[in-house]
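Analysis of the macromolecular model
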Amino acid sequence: MDYLQTKRVKSLSGTINISGAKNASLPLIAMTILAKNSVNIKNLPHVADIKTLLKLLSNLGATYDFKDDKAIVDTQKISQTKATYDIVKTMRASILVLGPILARFGHCEVSMPGGCAIGQRPVDLHLKALEQMGAHIDIKAGYIEATAPNGLKGCDIIFDKITVTGTANIIMAASLAKGRTVITNAAREPEVVQLCEVLNDSGVQIDGIGTAILTIHGTAGELVNIKEFSVIPDRIEAGTYLCAGAITKSTITIQNVNASHLGSVLAKLEEMGSSFTITENSITIHPSEVIKPVKIVTQEYPAFPTDMQAQFLALATQADGVSIIEEKLFENRFMHVSELQRMGADISLNSHTATVNGKSKLSGTDVMATDLRASSALVLAGLVADGETNIHRIYHLDRGYDALEKKLEGVGADIVRLKE
Ligand code: EPZ
């Protein structure tokens, strides 16, 4: 297994190119199941989760060609409708094939995505909405068995909680349904917006894009001629590198980024003392000498994203004062805290709230990544810790960051990937 070794840097400088968004790419790849054509995708990130989902589609009979950041995906020859445990267990977002496969074939079996490190991650809202659209759903031997022999029927769906992949699943199912589906309390993440935009540009009429109330006019089973598209930049990857600039007090530029997707993240970095130069597709961070403490509550977009919580917690260890970080979306998303404490951070945890007493002097040691965003938080801490920090189990990191150590090395970080 690989691990990353990083040492304190004096400062970083230069430009980092941001890759396509993992969390936009996954629903967009699942969306190709709705296509009558082979679909051209640009700006796909080279991360494990994308390769896993492409493999899942090929297991079902699809073909794909993924080179550089481009892919051509052809699902016309899909003959299987069962997503098996061996794949789903490695990536819970496999649940995203349920809606499109059920809508296109009238039946689908997907292994129940187990929980994951950060929480239970149930899919009850996905299933309840599909049942409202006429699907019959059984859970047997760990599999979701969904059938809709007469196709899915559009209806009014109100999500009890805002769910990102739940919204994406129902948008895709509703695209081939008979009639109109109104989703109320829909997720408004940029990744959901792009899924709607690509479908709408390809002939599936969707009203209310970007709002919490989406109206999808289904094609009644007619497959869609999906137009070529380029995946939006990864706002979480971008936010992670902005935190690298802030924590090392370096002026760096991130390129190929959409600043309008980072409003709440930029606002919190400003509260902590940074300022920015923003152009159409770049952000330059100008960090302050003193990092100020911050109060953060994670919520759905456009509020502060849970996927940036771990990175800001690492940054808060270097703030002069007490920061309060509350995690409201997932029940177990503070596993990075114990690893940061081992590096010398002064953090106390009380159920969903972390109190960070900065500024802590961090010392490098061996630490263990526990989930995707926790991994990047440990790298950030390693950039300012004395001595060497070895981050183990970085298969978590490789799920969602495209060549992170190379991008940081490119701006002067002392970081290498080694073999255990
Ligand atoms: C998406 O996960 C992202 N993953 C996550 O990013 C992100 O943390 C999360 O949204 C929240 O923003 C992808 O897009 C692939 P949810 P998702 O359904 O869709 C509860 C990363 O680091 N819920 O929005 O699985 C759930 O338990 C990953 O890139 C139900 O109760 O999250 C949670 O408390 C981690 N029942 C809340 O809703 C359901 O049926 C939000 O979950 C579905 C969700």
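As a reminder, the structure under discussion sits directly above these lines.
All chains use their own residue numbering, which begins from 1 and follows the written sequence. Predicted model: local features are reported for residues with pLDDT of at least 70 only, side-chain atom pairs are reported and counted for 80 or more only, and whole-chain, interface and lining totals are derived from all residues. In computing side-chain properties, one takes all heavy atoms of the structure into account and sets aside hydrogens as well as water.

1. Some remarks on the sheet that holds strand β17 (residues 282-286)
Rule in force here: When DSSP finds two or more bridges between a pair of strands, those strands are recorded as paired. A helix here means a DSSP run of H or I that spans at least four residues, while a strand means a run of E at least two residues long, and both kinds are numbered starting from the N terminus. Axis geometry follows a simple rule: fit a line to the C-alpha atoms, using only the stretch in contact for helices, then measure angles between N-to-C directions, giving values from 0 to 180 degrees. Any two residues having at least one pair of non-hydrogen atoms within 4.5 Å are treated as being in contact.
The strand order across the open sheet formed by four strands is β2-β15-β17-β16, and the pairing between neighbours is mixed. This sheet does not close on itself; its edge strands, each paired only once, are β2 (14-17) and β16 (275-278). The sheet shows a mean angle of 25° between the axes of neighbouring strands, taken without regard to direction. Where β2 and strand β15 (residues 252-255) come together, four bridges link them in parallel fashion. Opposite isoleucine 16, over in β15, you have isoleucine 254 as the bridge partner. Helix-sheet contacts for helix α8 (residues 235-247) involve β2, β15, β16 and β17, and the interaxial angle to β15 is about 175°.

2. Quick notes on the layout of surface pockets
If a probe as big as a water molecule is rolled over the atoms, it shows which places are left empty. Rules: Residues are called lining when one of their atoms sits within 4 Å of a cavity or pocket point, these points coming from a 1 Å grid over the protein atoms alone, where a cavity is a set in which a 1.4 Å probe fits but cannot get out and a pocket is an open set with protein on both sides within 12 Å along at least five of seven lines. Grid points are joined across faces, edges and corners, and a volume is the space filled by probe spheres set on the points.
In this model, the second largest pocket occupies a volume close to 180 Å³. Together, 13 residues line the second largest pocket, and Arg8, Ile247, Gln318, Lys359 and Val384 are the ones closest to its centre.

3. Points about the site of the ligand
In plain terms, the rule: Whether a residue is near a molecule or strand depends on its heavy atoms: it is near if one of them lies within 4 Å of it. N or O atoms closer than or at 3.5 Å make up a polar contact, with two conditions inside protein: a donor-capable atom paired with an acceptor-capable one, and, for residues adjacent in sequence, both atoms drawn from side chains. In these tables, accessible area is a Shrake-Rupley quantity obtained with a 1.4 Å probe, and a residue counts as shielded only by the protein chains included in the view. Gly counts as polar in this scheme, as do all residues outside two lists: the nonpolar Ala, Val, Leu, Ile, Met, Phe, Trp, Tyr, Cys and Pro, and the charged Asp, Glu, Lys and Arg.
Taken together, 22 residues form the shell around the ligand, and within it Asp124, Thr163, Thr165, Asp307 and Leu329 come nearest. Between an oxygen atom of the ligand and a side-chain N or O atom of lysine 22, the distance comes to 3.0 Å. At a separation of 2.7 Å, an oxygen atom of the ligand approaches a polar side-chain atom of threonine 163. When isolated, the ligand has an accessible area of 820 Å², and the protein chains bury 90% of it. Among the secondary structure elements, those contributing two or more residues to the shell around the ligand are α1 (22-31), α5 (124-132), α6 (164-175) and α12 (372-384). A breakdown of the residues in the shell around the ligand according to their chemical character gives 10 nonpolar, five polar and seven charged.

4. What about the pairing of strand β13 (residues 213-217)?
As paired strands, strand β11 (residues 180-184) and β13 are joined by five bridges and run antiparallel to one another. Among the inter-strand pairings, isoleucine 183 is bridged to a residue of β13, identified as leucine 214. Bridging between strand β12 (residues 206-207) and β13 involves two bridges; their strand directions are antiparallel. What sits directly across from aspartate 207, in β13, is threonine 215.

5. Examining the side chain of lysine 268
By the secondary structure assignment, lysine 268 is in helix α9 (residues 263-271). If sequence neighbours within four positions are ignored, lysine 268 has contacts with Val294, Lys295, Ile296, Phe304 and Phe312.

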